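# A closer look at the structure
For reference, the chains in residue letters:
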Amino acid sequence: MILLVTFVLMICFGTAYCRVADQPGTKALALKAAGTSMPVILALYGVLSRGGRVNWLIFLGALLCMTADVLLEMYFIAGASAFGFAHICFIMAFAMDGGADGITILIFILIYVGIIYVFHRDIQGLSKLKISAFLYMAVLSTMASMGITDGIVRGGISGALAAGGGIFFVCSDCILGFRLIHKKKEKIYRYAVMSLYYGAVYLIAACGVI
């Protein structure tokens, strides 16, 4: 039941946020954070019902994502850093759960090189943010590759959720990066980014419950 309730509420809050995201004020920030609070609640349920360091790390990662949602709108670097720490929490959780394996290195290389290839024409224009961008891409790729490896090790629905969460995060951040670099204002980009982002956090939180 909690899976369904948190999923439906996440969609409601996320849709409401996308509709008012361009309006100034705290309403949009509150709705954005409310959307991410649903995976946080789901992850907390995983901690309370199952315990374990893996579920605690997933909960902390989801909580950092919710914090980053607010910071990103006010202090971009602080928000991006919070997301980086969230990914580190997910990396540690996946590593403890079997996500660190020989195949992880290959998956990491494929994802990291793929992201660099997609943005290779835009990297030169990042100036002082270039090093930070490479580091963030490395952390993101590590998280996704470990999530996929963890999914392979787990198998079943839980494994698919772990792998899907990692993949969704990569897709969301790539679209967000493209949108920011090229200053795309069309709402379709926001809906795509937020759908994939909320889906990523939710899937990772859910894999600790199922």
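Placed above this text is the structure.
The text that follows walks through the structure, step by step, so that each part is easy to find. Small disclaimer: the values here were computed from a predicted structure and weren't measured.

Rules of the game
Residues numbered from 1 in each chain as written. Predicted model: local features only at pLDDT ≥ 70, side-chain atom pairs only at ≥ 80, totals over all residues. Heavy atoms only, no water. Salt bridge = Lys/Arg side-chain N within 4 Å of Asp/Glu carboxyl O. Helix = DSSP H or I, 4+ residues; strand = E, 2+ residues; numbered from the N terminus. Axes fitted to C-alpha atoms, helices over the stretch in contact; angles between N-to-C directions. Parallel < 35°, antiparallel > 145°, perpendicular 65-115°, else oblique. Left-handed = near helix turned anticlockwise from the far one by under 90°. Contact = heavy atoms within 4.5 Å. Nonpolar A, V, L, I, M, F, W, Y, C, P; charged D, E, K, R; others polar. Expected span 1.5 Å × (residues − 1). Buried < 20%, exposed > 50% of the residue type's maximum accessible area, 1.4 Å probe, protein only. Arc of directions from axis to C-beta.

In this structure the tally under the stated criterion is 3 salt bridges. Taking the shortest distance from any N to any O, the salt bridge between Arg 190 and Asp 22 comes out at 2.6 Å. On the criterion of sequence distance, the pair formed by Arg 190 in helix H8 (residues 187-206) and Asp 22 in the loop between helix H1 (2-20) and helix H2 (26-50) is long-range, its members being 168 residues apart. Salt-bridge contacts for Arg 154 lead to Asp 97; the nearest nitrogen and oxygen are separated by 2.5 Å. Taken together, the residues Arg 154 in helix H6 (residues 130-154) and Asp 97 in helix H4 (residues 76-99) connect sequence positions 57 residues apart. Here the salt bridges share partners, and the residues they tie into one network are Asp 97, Asp 150 and Arg 154.

Moving on to the packing of H1 against H8. Relative orientation of the contacting elements H1 and H8 amounts to 155°, with a least axis distance of 11 Å. Put simply, H1 runs roughly antiparallel to H8. Crossing handedness for the pair H1 and H8: right-handed. Where H1 approaches H8, its residues Leu 3, Leu 4, Thr 6, Phe 7, Met 10, Gly 14, Thr 15, Tyr 17, Cys 18 and Arg 19 are matched on the opposing element by Arg 190, Tyr 191, Met 194, Tyr 198, Tyr 202 and Ala 206. In terms of residue class, the contact of H1 with H8 is made up of 11 nonpolar, 3 polar and 2 charged.

Time to look at the side chain of Thr 149. Tracing the backbone through its elements, the reader meets Thr 149 in helix H6. When near neighbours in sequence (up to four residues on either side) are disregarded, Thr 149 contacts Gly 98, Gly 99, Asp 101, Ile 103, Thr 104 and Ile 107.

What follows is about H1. Look at H1: 27 Å from first C-alpha to last across 19 residues, which is about the 27 Å you get at 1.5 Å a residue. Every buried residue of H1 is listed here: Thr 6, Met 10, Gly 14, Tyr 17, Cys 18 and Val 20. Take H1 and look down its axis: the buried residues cluster within an arc of 165°, on one side only. Within H1, the exposed residues directed more than 90 degrees away from the buried face are Leu 4 and Arg 19.

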